[in-house]
Amino acid sequence: MHPLHYHAFVFDGHCDTLAWTLPGPFYRDLRQWGQAGQLDLPRLHAGGVNCQVFACFPGEGRIAASPASAALQRLEGLYTLMAQAPDHLTLVRTGADLDRLRPDGPIGAILGLEGAEALEGAISLLHTFHRLGLRLLGLAWNPRNAACDGIEVGGNYGLTSFGREVVAAANQLGIVIDVSHLNAAGVEDVLALSRRPVIASHSNARVLFDHPRNLTDAQIRAIAGQGGVVGATFVAEFMRADKYEATFDDFMAHLEHIIDIAGPDHVGLGSDYDGATICRGLESGERYPLVTEALLSLGYSETTIRGILGENLRRVFRQVLPAG
Ligand SMILES: [Zn+2]
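Residues numbered from 1 in each chain as written. Predicted model: local features only at pLDDT ≥ 70, side-chain atom pairs only at ≥ 80, totals over all residues. Heavy atoms only, no water.

Some points on the coordination of the zinc ion
Those protein atoms acting as donors to the zinc ion are Glu114 (OE), His181 (NE2) and His202 (NE2), and they sit at 2.0 to 2.2 Å. Note on His181: relative accessible area 7%, which makes it buried. (Donors = N, O, S within 2.8 Å, 3.2 Å for Na, K, Ca; no water. Buried < 20%, exposed > 50% of the residue type's maximum accessible area, 1.4 Å probe, protein only.)

Right under this line is the structure:
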């Protein structure tokens, strides 16, 4: 691993790895380097990752009958893993927790939600999830929920009144808002309403590949303009019509475009490991150092590379999370 990668603070804004913690045929011990799956604790260490967002997805394939229960089961999976491996994983609740993370210490775990479905229309549940450690709120997955519309919904509806209430409460509690998966009108509403910087944790550039999950240049500029970060993602489907053809070079093209449009201080990484087919070359978590090597060979400065690897996301979370 290049020393710059080892010493840099590496922060991955999105993975779906908690799906493996659910009891059943897909259960996997994430303390082991798994044959199946794309991310686990040994791979996070091998990839030099210092902080990882673990998304709680409120569904099974599609949204579950009780989305709150589905999200809570994943949340419990993270707590169980932290109890099993306290030297390898520690929950990040505050800015001080972020600052305590060290290259040779436990990896910081940030608890995220991927869809306001899990709130089941009750603002009180946002407070409950916050007490349990929620620090990143993805308002939408792909369908409609009580707060907003995801990218698969037609029409041009923005946030509902409940969605507006959720944004205000997230600002007040110190939860970062994530606009990946949100439809365009929703992104616009969030940017107009939020008093804190927001992120798109795992999205690429629409101008390079026309997929509804990718962001337009105007959206990238608007997120950056409010101090936020766009997390370039390894998801193959957001790069090519035939996802099995997507390569590491395709990913780098999206990353470089987002750097050009957002500016180097507003770009991060959001792998989406264990949530999607990943482009060739970045198939699993031990591959993160390849991004650093590619950025170095393209001539980016050490400061810019450190920002992209994690300092930019760390800045946003420091600004939004309670100081501690
Ligand atoms: Zn996603």
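Some words on the layout of surface pockets
Size it by volume and the largest pocket reaches roughly 640 Å³. Every residue lining the largest pocket is counted, 29 residues in all, and those nearest its centre are Asp16, Phe57, Asp274, Gly275 and Ala276. Put simply, the second largest pocket is a space of about 170 Å³. Forming the boundary of the second largest pocket are 20 residues, of which Ile151, Leu182, Ala184, Arg206 and Pro212 lie nearest the centre. A per-element tally of the lining of the second largest pocket places helix α7 (residues 184-193) first, with 3 residues. Each residue belonging to the lining of the second largest pocket can be placed in one class, and the counts come to 9 nonpolar, 9 polar and 2 charged. (1 Å grid on protein atoms, 1.4 Å probe; cavity = no way out; pocket = protein on both sides within 12 Å on 5 of 7 lines; lining within 4 Å. Points joined across faces, edges and corners; volume = space filled by probe spheres on them. Helix = DSSP H or I, 4+ residues; strand = E, 2+ residues; numbered from the N terminus. Nonpolar A, V, L, I, M, F, W, Y, C, P; charged D, E, K, R; others polar.)

Considerations on the pairing of strand β2 (residues 51-56)
Burial analysis of β2 places 6 of its 6 residues in the buried class, which makes it a mostly covered element. Alignment of strand β1 (residues 11-12) against β2, held across 2 bridges, turns out to be parallel. Bridging from a neighbouring strand, Phe11 pairs with Cys51 of β2. Between β1 and its parallel partner β2, the chain crosses via helix α2 (residues 41-46), and the hand of that crossover is right-handed. Note that β2 and strand β6 (residues 107-114) share 6 bridges and pair parallel. Each bridged residue has a counterpart across the sheet, and for Ala55 the counterpart in β6 is Gly112. (Pairing = 2+ DSSP bridges. Right-handed = clockwise from strand over helix to strand, strands pointing away.)

Topic: the pattern of salt bridges
If you walk through the whole model with that rule in mind, you get 13 salt bridges. Here Arg31 ties to Asp29 by a salt bridge, and the two come within 3.1 Å at their closest N and O atoms. The class of Arg31 is partly exposed, set by a relative accessible area of 38%. In this structure, Asp250 engages Arg240 in a salt bridge whose closest nitrogen and oxygen atoms are separated by 2.5 Å. On the criterion of sequence distance, the pair formed by Asp250 in helix α9 (residues 248-262) and Arg240 in the loop between β10 (229-232) and α9 is long-range, its members being 10 residues apart. By relative accessible area, Asp250 is classed as buried at 15%. Given a relative accessible area of 35%, Arg240 falls into the partly exposed group. Each of Arg28, Asp40, Arg43 and Glu286 takes part in one network of salt bridges that share partners. (Salt bridge = Lys/Arg side-chain N within 4 Å of Asp/Glu carboxyl O.)

Details of α7
Among the residues making up α7, those that are buried are Ala185, Gly186, Val187, Asp189, Val190 and Leu191. Of the surrounding elements, those touching the buried residues of α7 are α6 (161-173), β8 (176-178) and α8 (217-225). (Contact = heavy atoms within 4.5 Å.)

So, empty space enclosed by the protein
For the coordinates displayed, the defined rule picks out 2 cavities of 30 Å³ or more. A volume near 60 Å³ is recorded for the largest cavity. Lining the largest cavity are 14 residues, and of these His14, Ala55, Leu113, Glu114 and Asp178 sit closest to its centre. For the lining of the largest cavity, the secondary-structure elements that each account for two or more residues are β2, β6 and β7 (134-138). The element that contributes the greatest number of residues to the lining of the largest cavity is β6, accounting for 3 residues. Residue classes in the lining of the largest cavity are distributed as 5 nonpolar, 7 polar and 2 charged. Looking at the second largest cavity, its volume works out to about 30 Å³. Lining the second largest cavity, in full, are Thr17, Leu30, Leu39, Asp40, Leu41, Leu44, Phe54 and Leu81. Among the residues forming the lining of the second largest cavity, the class breakdown is 6 nonpolar, 1 polar and 1 charged.

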